[in-house]
Amino acid sequence: MSTQIIGRTPDGISLLTVGSQDQQQLCGSGAPILCSEDGTKLVALGPGAVKLVDISSAQEASSLPEDAVVLSAFSSGGAYLVTAQRAGKAADGSLSKNLKVWELASGKCLFSIAHKQVSKDTWPVLHWAPDDAAFLHMVTNTVHVYSRADNFATYRKVTIKGIGGLALSPVAPPGGGLPQLAAFLPELKGTPAGAGLYGLDGSPEPTATVRKSFFRSQGAQLMWNCLGSACLVLSYADYDATNQSYYGEQKLHYLPADPAKADEALTVPLPKEGPIHDVQWSPAGDYFIAVAGFMPAKVTVFNAQCKPVYDLGSGPYNMVRWNPFGRFFAICGFGNLPGDIMLFDKKTSGACKQMGAVRSPAVSAEWSPCGRLLLTATTAPRLRVDNNIKVFTYYGEQKAHVPFATLLDAAWRPAPKGSYQDRPQSPERLSAAAKGEVATSAPAKPSYVPPHLRAAGVTSTAAVSSGAKFSLARDDDDRPGKIGAAGGRRTALPPGAEFIAGGGNAKAASKNAKRRAKKKGGDASGEGDDGEEAGGAATGAEAATAALASSSLQDSQAAAAAPLNDEEARQKRIRALQKKQRQIQDIKDKRTAGATMTPEQLEKLAGEAAILEELASLGA
C-alpha cells in the first residue's frame, strides 16, 4: 500500500502503483483528493450525492444525499464527514444551511448551519477534538462549542473578544475535557495583534494563560506540535512596512502550552532577515525546521523549547517536508527555483547528516507512509507543461517517473497506523556515506551561453560569473553545523591555541589593547604626588605615540612596497598622500592653538616623516 499513489486529472481520480504503468480508475469526479486516515475510503464529490469509494475494489461503499458539494473534510477520528455547498438562499428567502456534519456509520445529517464564507483558504471551519467528542465553530467575538453528547444539537458560548482564527491542541488534558485552544487576535484601534492559549472547560469568558503580542499583522497560521506542548504562530501582513519585499511581511512566534512557562513566549530568533518560506513541526513533536530569509534562504533546526540546535546553511530552498516518523526530512526549492532537493537524517541529538541530493523541478513533495520514499509532483495550474509524478528513495535515487498531459493533484495512499515501523538508513547506505559516496549537491545542468560568448569560444558562463558577489545558490558567510548553547558556532582552532573573543576584528582589538595599556600606565603613575602623576602621564603618552608611529611607519612602508606600474596609479597615490599631509598640517595648527590631541591625531602626526619620504620617492 505504501507504494500506491492517487492522482487527479480532469478525467477523474486514479490509483497508480510504483513500478507499474497500470492505472486503476477510482471515480470520474475531478474533486480534490480526500482519503480516510486508514486509506480504505476515497471521497468523491459528484452531482446528486457524495460517494465514498472503496479504494481496493474501486467500488462505491456508501453515499450521502447531498448535491453540489464543493469542500469536504473528515473529523479527527474519522467518524464524521463535514460538507459545504456554496452559500445561497432557501425558498423562504433565508440563508440556506450549506454547512453540514454527517455520521458515516448511519449516513444521517446530525448538524447543519448557514455559513456565508466558503473558501479553501479558511477550510475547514469546524475544529474537532481529538476523540470527536466535540467540535468548535468560530463566529464574531465568540466560539460555539458543540458536544457529541446531544448529537451536536446545542452549543455553549465561549467569549474571546476579537478572535480572528483558532486551532485546537491535538492532545486532551490528562483529567479529560476539551484540549487547549490557540487563538489569533488581529489588530484593533491601535492595539497590537496577538496570539494566546485558552482553556475551554472553565469560565465562559476565559483569559489567556499564555499570550504574545506583536504589530504589523493581518492574519496568522496556528501550528501545534503533536505533543500539545507548544504552538507556533506564523503571522503575516500583505504589505511590508520596511519596503524590503513586495510579498508582505511574516514573523514567527512561539507559545509554550504550560502556563508556568508563559514568560518563555517569544518571537523566534531567525538568523536571516526576509520572508518565512516554510515552517514544519516534526511528526514526533520534538523539533521544527524554519526556512526563512531573502534568497539564498537560511534553514535552521529548532528544538521543542525554541532553541536553535543545527544550522543547515543557505540555498535556493522554500519548502521542508518530514517523513512520518520525524527521522528523515527533505529541503526543497520549488516554484520559480531550480528544484534542488537535499535529503537529511536527523539524529537524536539534533545533528543532521546529509543522505543525498537530487534535482527535480516540481510543485509539491510528500513522504510515503513507510517513510522511505519521496513523491514529487508537477501539477496544473501552477505549471501547465511537463506535468509528472516522480518517486525518489530517501537517499535520492529515482524509482519512478509517470508523465501526464494535465495533472491536478497527487498524493500517497494513506496506510493504517502501525503498518510501518521507523527504520534507520540501511547498512549499505551508511557504508557509502562513510566512504564519501553520498551526493552533497544536486547535479546542475549546463548553463546557457549567449551567442556572442559562444563565438568567443566560451563553453560555460560559470567562468565569466565566478567573481560575482551574489548567488541564489550559496552564501559565502555560511557556517553550517551544530549550534552551541550561546546560539553561535566557534571556529575550530589548532591544538594549543586559545580562543580570543572578538579576535576577528584586528583593528578593534588593537585599539582596545592600546586603551588598556594606557589606562594601566595611568593607574600605576597615579599612586604618587601630583608631579609624579603628570610625569607618568607624559611617559604613557610618549609610549603610545611611539607605538602609533611604528604602526603608521609600517603601514606606509607596506603601501610604498606595492607595485606602481603605471603613471595613473602613481598620481593616485600622490594625491592620497598629499591629502594626508594637509590633514597633518591642520592637526599641527590645532595643537599650536592649545587643543588636546587624541591618539588618532598623534598617530597621524607620527606618520608625517614616512609620508614625506614616500612623496619624495614618488617624485612629488
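Parameters at a glance
- Residues numbered from 1 in each chain as written.
- Predicted model: local features only at pLDDT ≥ 70, side-chain atom pairs only at ≥ 80, totals over all residues.
- Heavy atoms only, no water.
- Helix = DSSP H or I, 4+ residues; strand = E, 2+ residues; numbered from the N terminus.
- Buried < 20%, exposed > 50% of the residue type's maximum accessible area, 1.4 Å probe, protein only.
- Contact = heavy atoms within 4.5 Å.
- Areas by Shrake-Rupley, 256 points an atom, 1.4 Å probe, with all protein chains shown as cover.
- Pairing = 2+ DSSP bridges.
- Axes fitted to C-alpha atoms, helices over the stretch in contact; angles between N-to-C directions.
- Salt bridge = Lys/Arg side-chain N within 4 Å of Asp/Glu carboxyl O.
- Disulfide = S-S within 2.5 Å.
- Core = buried A, V, L, I, M, F, W, Y, C linked by side-chain atoms within 4.5 Å.
- Parallel < 35°, antiparallel > 145°, perpendicular 65-115°, else oblique.
- Left-handed = near helix turned anticlockwise from the far one by under 90°.
- Nonpolar A, V, L, I, M, F, W, Y, C, P; charged D, E, K, R; others polar.
- Phe/Tyr/Trp six-rings, centres within 6.5 Å; stacked < 30°, edge-to-face > 60°.
- Lys, Arg positive; Asp, Glu negative; His and termini not counted.
- Polar contact = N/O pair within 3.5 Å; in protein donor to acceptor, adjacent residues only side chain to side chain.
- Expected span 1.5 Å × (residues − 1).

If you check an unreviewed UniProt entry, the protein chain appears there as Eukaryotic translation initiation factor 2A from Chlamydomonas incerta.

Draft legend 1. View of the overall build of the protein chain. When helices and strands are counted, the protein chain shows seven helices and 36 strands. Within the protein chain, the proportion of its 620 residues that are buried is 40%. A fraction of 44% describes how many contacts in the protein chain between residues 6 or more apart in sequence connect residues 24 or more apart. Total accessible area computed for the protein chain in this model is approximately 33,200 Å², and 52% of it derives from carbon and sulfur atoms.

Draft legend 2. Summary view of the pairing of strand E21 (residues 249–256). Counted residue by residue, E21 has seven buried out of eight residues, so it is predominantly covered. Of the pairings in the sheet, the one linking E21 to strand E22 (residues 266–267) comprises two bridges and is antiparallel in character. Looking at E22, one finds that Tyr 254 is bridged to Leu 266.

Draft legend 3. Expanded view of the sheet that holds strand E16 (residues 181–185). Reading across from one edge, E15-E16-E17-E18 is the order of the four strands in this open sheet, with antiparallel pairing throughout. Looking along the sheet, the strands with just one partner apiece sit at the ends: strand E15 (165–168) and strand E18 (210–214). The mean inter-strand angle of the sheet, taken between neighbouring strand axes irrespective of direction, is 15 degrees. Pairing of E15 with E16, which is carried by four bridges, proceeds in the antiparallel orientation. By the bridge assignment for E16, Leu 166 is matched with Ala 183.

Draft legend 4. Layout of the pattern of salt bridges. Counting across every chain of the model gives 10 salt bridges. Between Lys 417 and Glu 37 there is a salt bridge, with the nearest N and O atoms lying 3.4 Å from each other. Remark: Glu 37 occurs in the loop between strand E3 (23–27) and strand E4 (41–46) and Lys 417 occurs in the loop between strand E35 (409–412) and helix H1 (427–434); sequence separation between them is 380 residues. For Asp 278, the salt bridge goes to Arg 321, with nearest N and O atoms at 3.1 Å. Residue Asp 278 is found in strand E23 (residues 276–281), and its partner Arg 321 is found in strand E27 (residues 319–322); the two are separated by 43 residues along the sequence.

Draft legend 5. Structural view of the state of the cysteines. If you walk through the whole model with that rule in mind, you get zero disulfides. Sulfur of Cys 35: no disulfide; nearest cysteine sulfur belongs to Cys 27 and is 9.6 Å away.

Draft legend 6. Representation of the nonpolar core within the structure. Core analysis: the largest hydrophobic core is formed by 21 residues, its most contacted members being Val 301, Leu 312 and Phe 329. Mapped by element, the contributors of at least two residues to this core are strand E24 (287–292), strand E25 (297–303), strand E26 (308–315), E27, strand E28 (328–332), strand E29 (340–346) and strand E30 (352–359). Excluding residues within four positions of it along the chain, Leu 312 makes contact with Val 299, Val 301, Phe 329, Ile 331, Phe 344, Cys 352 and Pro 480.

Draft legend 7. Expanded view of the packing of helix H5 (residues 567–592) against helix H6 (residues 599–606). Close contact between H5 and H6 brings their axes to 9 Å; oriented N to C, the two are set at 120 degrees. When the axes of H5 and H6 are compared, the pair comes out oblique. Along this stretch, H5 crosses H6, giving a crossing that reads as left-handed. Across the interface between the two elements, Gln 583, Ile 584, Ile 587, Lys 588 and Arg 591 from H5 touch Gln 601, Lys 604 and Leu 605 from H6. Tallied by class, residues from the contact of H5 with H6 come to three nonpolar, two polar and three charged.

Draft legend 8. Geometry of the packing of H5 against helix H7 (residues 608–617). Here H5 crosses H7 at 145 degrees, and the two axes come no closer than 10 Å. At the point where H5 passes H7, the crossing takes the left-handed sense. Contacts between H5 and H7 involve Arg 573, Ile 574, Leu 577, Gln 578, Lys 580, Gln 581, Ile 584 and Lys 588 from the former and Glu 608, Ile 611, Leu 612, Glu 614 and Leu 615 from the latter. Grouping the amino acids of the contact of H5 with H7 by side-chain chemistry returns six nonpolar, two polar and five charged.

Draft legend 9. Up close: the packing of aromatic side chains. The full count for this structure, using the stated rule, is 17 aromatic pairs. A ring pair is formed by Tyr 146 and Tyr 155, whose centres lie 5.4 Å apart and whose planes are at 55 degrees; its orientation type is tilted. With a relative accessible area of 4%, Tyr 146 lands in the buried category. Between Phe 329 and Phe 344, the aromatic rings sit 5.4 Å apart at their centres with planes inclined by 15 degrees, giving stacked as the arrangement. Separated by 15 residues along the polypeptide, Phe 329 in strand E28 and Phe 344 in strand E29 bring together distant segments of the chain.

Draft legend 10. Geometry of the sheet that holds E23. Spatial ordering of the open sheet is given by E23-E24-E25-E26-E36, a layout of five strands whose pairing is antiparallel. Edge strands, defined here as strands with exactly one partner in the open sheet, are E23 and strand E36 (481–482). Here five bridges tie E23 to E24, and the two strands are oriented antiparallel to one another. Within E24, the residue paired with Trp 281 across the bridge is Phe 288.

Draft legend 11. Representation of the side chain of Arg 372 within the structure. Along the chain, the position of Arg 372 falls in the loop between strand E31 (364–367) and strand E32 (373–378). It is Asp 422 that comes nearest to the buried, bridge-free Arg 372 among opposite-charge side chains, at 6.4 Å. With residues near it in sequence (within four places) discarded, Arg 372 still touches Phe 328, Trp 367, Phe 392, Thr 393, Tyr 394, Arg 423, Pro 424, Gln 425 and Ser 426.

Draft legend 12. How the structure looks around the side chain of Ser 217. Here Ser 217 shows up in the loop between E18 and strand E19 (219–224). A polar atom in the side chain of Ser 217 sits 3.2 Å from the backbone oxygen of Gly 219. Those residues within four positions of Ser 217 in sequence are excluded, and the remaining contacts are Phe 184, Glu 187, Ala 193, Ser 235, Tyr 236 and Ala 237.

Draft legend 13. Focus on H5. Taking 1.5 Å as the rise per residue, H5 with 26 residues should run 38 Å; its terminal C-alpha atoms sit 38 Å apart, in good agreement. Those residues of H5 that fall on the buried side of the exposure criterion are Arg 573, Ile 574, Leu 577, Ile 584 and Ile 587. Two residues or fewer after H5 comes Gly 594, characterised by a positive phi angle close to 100 degrees.

Draft legend 14. Examining the environment of Gln 23 more closely. Along the chain, the position of Gln 23 falls in strand E3. When the C-alpha atoms of Gln 23 and Ile 13 are compared, they prove to be 9.7 Å apart, with 10 residues separating the residues in sequence. Ignoring any residue separated from it by four or fewer positions in sequence, one finds Gln 23 in contact with Ser 14, Leu 15, Leu 16, Val 402 and Phe 404.

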